[in-house]
Amino acid sequence: MNRSRTLIWSAIALSILVLLLAACAPQAETVGEAEPAAEEEAAAAPTEAPAEESDDMAMEPIKIGGLAPLSAPGAVVGGEAMRTAMMIAADELNAKGGVLGRPVELIVVDTEGLPERGTAVMERLINQDGVVGVGGGYHSSVCVAAKEVAHDNGTPVVFAEPWNDTVTSVMYDEIFRIAPLVSEVSLVDVKFIKSLRDDSGMELEKLVILTENTDYGIPAAEETQRLLEEEGIDTVTFSVDIGTQDFAGIIERVKAEDPDMIVTLATGEASYNFTQQAADAGIGPQDVPTMCNQVSLVSDAFWENVPDGNYCFIRRVGLPRQLYNETAIALEAEYMERTGKDDIESYAIASYDSIILIAAAIEIAGSTDPAAMITALENINHEGALGPITFPINRDNTPEQAGVDPKWWHQFPDPAITIVQYQEAGQMATETTVVFPATYQTGDPVIVGQE
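Model, not experiment: these values are computed from the prediction.

Asker: Any details on helix α13 (residues 326-339)? Residues and values, ideally.
Answerer: Between its terminal C-alpha atoms α13 stretches 20 Å, which fits the 20 Å expected from 14 residues at 1.5 Å a residue. Of all the residues in α13, the buried ones are Ala328, Leu331, Glu332 and Tyr335. Each buried residue of α13 lies within a common arc of 100 degrees when the element is viewed along its axis, so the set occupies one face. Facing away from the buried surface of α13 by more than 90 degrees, the exposed residues are Glu326 and Glu337. Of the surrounding elements, those touching the buried residues of α13 are α4 (76-95) and α14 (346-365). Among the residues of α13, the N-terminal cap falls to Asn325, whose side-chain oxygen and the backbone nitrogen of Thr327 are separated by 3.2 Å. Looking one or two places after α13, you find Gly340, whose phi comes out positive at around 80 degrees.

Asker: An account of the packing of aromatic side chains is needed here, citing residue identities and associated values.
Answerer: Taken as a whole, this structure holds ten aromatic pairs when the rule is applied. Arranged with centres 5.8 Å apart and planes meeting at 55 degrees, the rings of Phe192 and Phe436 form a pair that is tilted. Note that Phe192 is positioned in helix α8 (residues 182-198) and Phe436 in strand β14 (residues 433-436), a separation of 244 residues in sequence. In this structure Phe192 comes out as buried when scored by relative accessible area, which is 0%. A relative accessible area of 16% means that Phe436 is categorised as buried. Connected via pairs of aromatic rings, a cluster forms that spans Tyr272, Phe302, Trp303 and Tyr422.

Asker: Could you give an account of unusual backbone geometry, naming the residues involved and the relevant values?
Answerer: Cis peptide bonds are those with omega within 30 degrees of zero, and the linkage from Ala72 to Pro73 qualifies with 10 degrees. The linkage connecting Phe436 with the following residue, Pro437, adopts the cis geometry, with an omega of 0 degrees. Position of Pro437 relative to the elements: it lies in the segment after β14. A positive phi angle, close to 60 degrees, is found at Glu112, a residue other than glycine. Relative to the helices and strands, Glu112 is located in the loop between β2 (104-110) and α5 (115-129).

Asker: Quick rundown of empty space enclosed by the protein? Include the residues and the values.
Answerer: Scanning the model with the defined rule gives four cavities of 30 Å³ or more in all. Size it by volume and the largest cavity reaches roughly 140 Å³. If you trace the largest cavity, you find 14 residues lining it, with Tyr138, His139, Ser140, Tyr216 and Thr267 closest to the centre. Among the residues making up the lining of the largest cavity, the classes are represented as four nonpolar, seven polar and three charged. What lines the second largest cavity is a set of 16 residues, and nearest its centre among them are Ile178, Val317, Gly318, Leu386 and Pro415. The leading source of residues in the lining of the second largest cavity is α14, at three residues. Residues belonging to the lining of the second largest cavity are distributed by class as follows: twelve nonpolar, two polar and two charged.

Asker: If you had to explain the confidence of the model for the protein chain to someone new, which residues and values would you point to?
Answerer: Per-residue pLDDT for the protein chain has a mean of 88; in total, 87% of the residues score no lower than 70. Confidence over residues 1-54 falls short of pLDDT 50; this stretch has three contacts with residues more than four positions distant or in other chains.

Asker: Talk me through the layout of surface pockets; I want residue IDs and the actual numbers.
Answerer: By volume, the largest pocket amounts to about 250 Å³. Every residue lining the largest pocket is counted, 13 residues in all, and those nearest its centre are Asp258, Pro259, Asp260, Gly449 and Gln450. Looking at the lining of the largest pocket, its residues break down into four nonpolar, two polar and seven charged.

What counts as what
Residues numbered from 1 in each chain as written. Predicted model: local features only at pLDDT ≥ 70, side-chain atom pairs only at ≥ 80, totals over all residues. Heavy atoms only, no water. Helix = DSSP H or I, 4+ residues; strand = E, 2+ residues; numbered from the N terminus. Expected span 1.5 Å × (residues − 1). Buried < 20%, exposed > 50% of the residue type's maximum accessible area, 1.4 Å probe, protein only. Arc of directions from axis to C-beta. Contact = heavy atoms within 4.5 Å. Polar contact = N/O pair within 3.5 Å; in protein donor to acceptor, adjacent residues only side chain to side chain. Phe/Tyr/Trp six-rings, centres within 6.5 Å; stacked < 30°, edge-to-face > 60°. 1 Å grid on protein atoms, 1.4 Å probe; cavity = no way out; pocket = protein on both sides within 12 Å on 5 of 7 lines; lining within 4 Å. Points joined across faces, edges and corners; volume = space filled by probe spheres on them. Nonpolar A, V, L, I, M, F, W, Y, C, P; charged D, E, K, R; others polar. pLDDT = per-residue confidence, 0-100.

In structure tokens form, the structure reads like this:
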């Protein structure tokens, strides 16, 4: 009994000694989960980071994402042009000290021209790479899909090139666009085609449209066909999958229609394939008046792939070169230096502006908070390479209030659209003749195959 009593008293004495030592020791920082109440209180109360931590954060890069088709079946020529232009934008920003005193890190991802890929890379940019905004974007199908990810995550996006009306007509706070609307482009196309018939005396009773099965190609063909038929022009549409290389079967069907004009709405390298294969079959641009895709303005690639492409009509988005502002002139010079090209494509100009706009929104907002950036973009008046860029239809001036269609939501309203024509084999894009509209016209159209 005495031994047991001694052990008990020894244990008690040891416990008291431990408690006394703990009370006298300096207190350590708590590590681990906080009590719920304390955690809520800490979240509610603003805290100031130590000076050295703030300095570290100030040097962390601001990450901006870019979308571009850099491999097949996407329009690789267009994607490479967009990537170069976005890189120029990031380099310029960093040369001027970055954004909010922090360097800009541009992360360009390959969409491959595929919607499912667009969804995946947008998820990666936002949730893995930690970008605060996204620019670029070429194919409508990709951007229609990718915009849902941006919307779900509250991340602002300035799309450079997708034309599908629904990109903006869904009226998401996060989505802005500086490319034209497909419905507006189709209207310009039809006005031009009508001018060929009415002003140039071109025989035009039947027209064939070659389009792609995408969120650009399908609505573009439908709207163009609707408007042409209102003008009394019979129209037949053939559609192909994106990235198609062999058009032999389609070309035989086109020949059977005996069209007076062909309009090509297939994008990227597929348009090169169709145009040259049609020329080989006797219904190319030197045989039948043909509107070619805008990548035909990449002169070197066009003439290499379409040696029989003379007399193509080509839609060009953006102001004619003679109306470039100082920003566009400087951008073109740097772009030509980096690429060896003799011109800069409209989608490259828009891609450059998309990155600069995101940076400008951050500066105006004074932070990378997405809500503040969105407000800044809605109120921005930026002199870009495309000219003065604004988004007049927004939360303060809704489509309903302005009396316009929802497609104008967060839409740059003034992208110039012209029709140019190669009139000499091997001609550079900068030397093409502007044949429409009259405001910018530099020469008359050459109409082939007309007696």
